[in-house]
Amino acid sequence: MSMRARVLSTETPALFAEAVRQAAALLRSGGVIGIPTETVYGLAANAFDSEAVARIFTIKGRPGSNPVIVHVAGRTMAQRCVKAWPEVAQKMAAAFWPGPLTIVLPRSNVIPDIVTAGGATVGIRWPSHPFVQALIQACDFPLAAPSANRSGELSPTTAEHVQKSLGNQIPLIVDGGASQIGIESTVIDLSESPPRLLRPGMIHAESLVAITGDLQTNDNAHSGILRSPGLLLKHYSPKARLVVWQWFEEAELLSRLSALEPAGARAQIIAHSVIPTTLDASRVSVIPRDAEAFARALYAELHRCDEAGASLIVVEAVPETPEWQAIADRLSRASQV
Ligand code: TXA
Ligand code: MG
């Protein structure tokens, strides 16, 4: 199939309304399209239409065993997708929705098997991005949407990233600007007691514990049981090899790079604290040492390094505090070989 997705701007109220209209029309007829969200761009289809959702799996090359998040606009729509709405879900929704939190609960029978990969639970998120909210309201059905990248690759944070990876397989991408959060949502399983953090995100474990009181985490990611395929060790990866290093002065970085010749000579560096000043400026990106700013910029920088044809990306190690946990998680998965 050879096409190139049309990209619709949402920059003015009139363009926004027209993008909602065209996107909703495609979704109603079973289409799959690229949409902006505040975390990363999504590849969306009508969550109630199993054939449309099946197309998402084909387009992404996604294993059928990996369930897809269902995006809703409002708590009533969320409640329709689940069997029961426990107190803890109510509290989580009140604290973090709309926003970058996915709640996993036993599914109701309106959710087709393909969405949950045949499992008994469904992941639900009410995103805050104004375009998705307007779109879901216009459709009046929830949207199944994984990140809009080929399976295992980097998530997209701009319409252009989606165009480059999947643009030849979908008719439409809505441009809602660069994603404000920049990494995927926190996923918490409320079907277990105590709740289990399945995927760290910018709503970090400490904030969750404030509500759940107790939280199991996946320190068993290396064990055989795969509770959430996003826990695959190698995931969220750029094309280039990625390494995370700490250096206390530039000379230390330079000597480690020269030990890695020839790859070291062409490496791209992403730094936040000890900024190399003697390397060619085109090889160095600086992201502020601020977890939110870092998350917002990280994937765009990794996409840019891939575009620049880097064979090695060196990322300066990040702090080991709760705010940085999701970033450290993504860097660690991206650096698996
Ligand atoms: O921020 C996000 O969550 C983005 C935007 C588009 O909303 N979506 C996203 O979807 O990252 P995806 O498919 O790339 O990652 C969803 C993760 C996967 O690790 C999947 O295994 C897990 O959520 N997941 C979804 N439903 C689940 C379920 N019922 N039980 C356990 N894990 C689930
Ligand atoms: Mg993904």
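Quick notes on the rules
- Residues numbered from 1 in each chain as written.
- Chains lettered and ligands numbered in written order.
- Predicted model: local features only at pLDDT ≥ 70, side-chain atom pairs only at ≥ 80, totals over all residues.
- Heavy atoms only, no water.
- Buried < 20%, exposed > 50% of the residue type's maximum accessible area, 1.4 Å probe, protein only.
- Helix = DSSP H or I, 4+ residues; strand = E, 2+ residues; numbered from the N terminus.
- Pairing = 2+ DSSP bridges.
- Arc of directions from axis to C-beta.
- Contact = heavy atoms within 4.5 Å.
- Expected span 1.5 Å × (residues − 1).
- Phe/Tyr/Trp six-rings, centres within 6.5 Å; stacked < 30°, edge-to-face > 60°.
- Lys NZ or Arg CZ within 6 Å of the ring centre and 35° of its normal.
- Domains from an automatic or database assignment.
- Buried area = accessible area lost by both parts, 1.4 Å probe.
- Salt bridge = Lys/Arg side-chain N within 4 Å of Asp/Glu carboxyl O.

We now examine the pairing of strand 6 (residues 121–125). Burial analysis of strand 6 places 4 of its 5 residues in the buried class, the great majority of the element. The sheet contact formed by strand 4 (residues 70–71) and strand 6 spans 2 bridges and is parallel. Within strand 6, the position partnered with His71 by the bridge is Arg125.

Inspection of helix 9 (residues 250–259) places Glu250, Leu253 and Leu257 among the buried residues, and these make up the whole buried set. In a view along the axis of helix 9, the buried residues occupy a sector of 65°, so they form one face of it. In this structure, the buried residues of helix 9 make contact with strand 12 (241–245), strand 13 (268–271) and strand 15 (312–316).

Bringing helix 1 (residues 13–28) into the picture now. Between its terminal C-alpha atoms helix 1 stretches 22 Å, which fits the 22 Å expected from 16 residues at 1.5 Å a residue. Among all positions in helix 1, only Ala19, Val20, Gln22, Ala23, Ala24 and Leu27 are buried. Looking at the residues trailing helix 1, positive phi occurs at Gly30, about 90°.

Here we come to the packing of aromatic side chains. For the coordinates displayed, the defined rule picks out 3 aromatic pairs. On the basis of an interplanar angle of 35° and a centroid distance of 6.1 Å, the ring pair of Trp85 and Trp97 is categorised as tilted. With Trp85 in the loop between helix 3 (75–81) and helix 4 (87–96) and Trp97 in the loop between helix 4 and strand 5 (101–106), the pair connects residues that are 12 residues apart, well separated along the chain. The ring of Phe57 has Arg62 sitting right over it, with the charged end atom 5.9 Å from the ring centre. Just above the ring of Trp245 sits the side chain of Arg256; from NZ or CZ to the centre is 4.3 Å.

Turning our attention to the domain arrangement of the chain. On domain assignment, one finds that the chain holds domain 1 (6–217) and domain 2 (241–334). Here the C-alpha centroids of domain 1 and domain 2 sit 29 Å apart. Listed as interface residues are 21 residues of domain 1 and, on the opposing side, 17 residues of domain 2. Taking both partners together, domain 1 and domain 2 bury about 1600 Å²; carbon and sulfur atoms supply 63% of that area. Together, Leu154, Pro200 and Met202 form the three largest contributors to the area buried by domain 1 at its contact with domain 2, with a combined 36%. Here Glu307 and Lys164 are joined by a salt bridge, their closest N and O atoms 3.6 Å apart.

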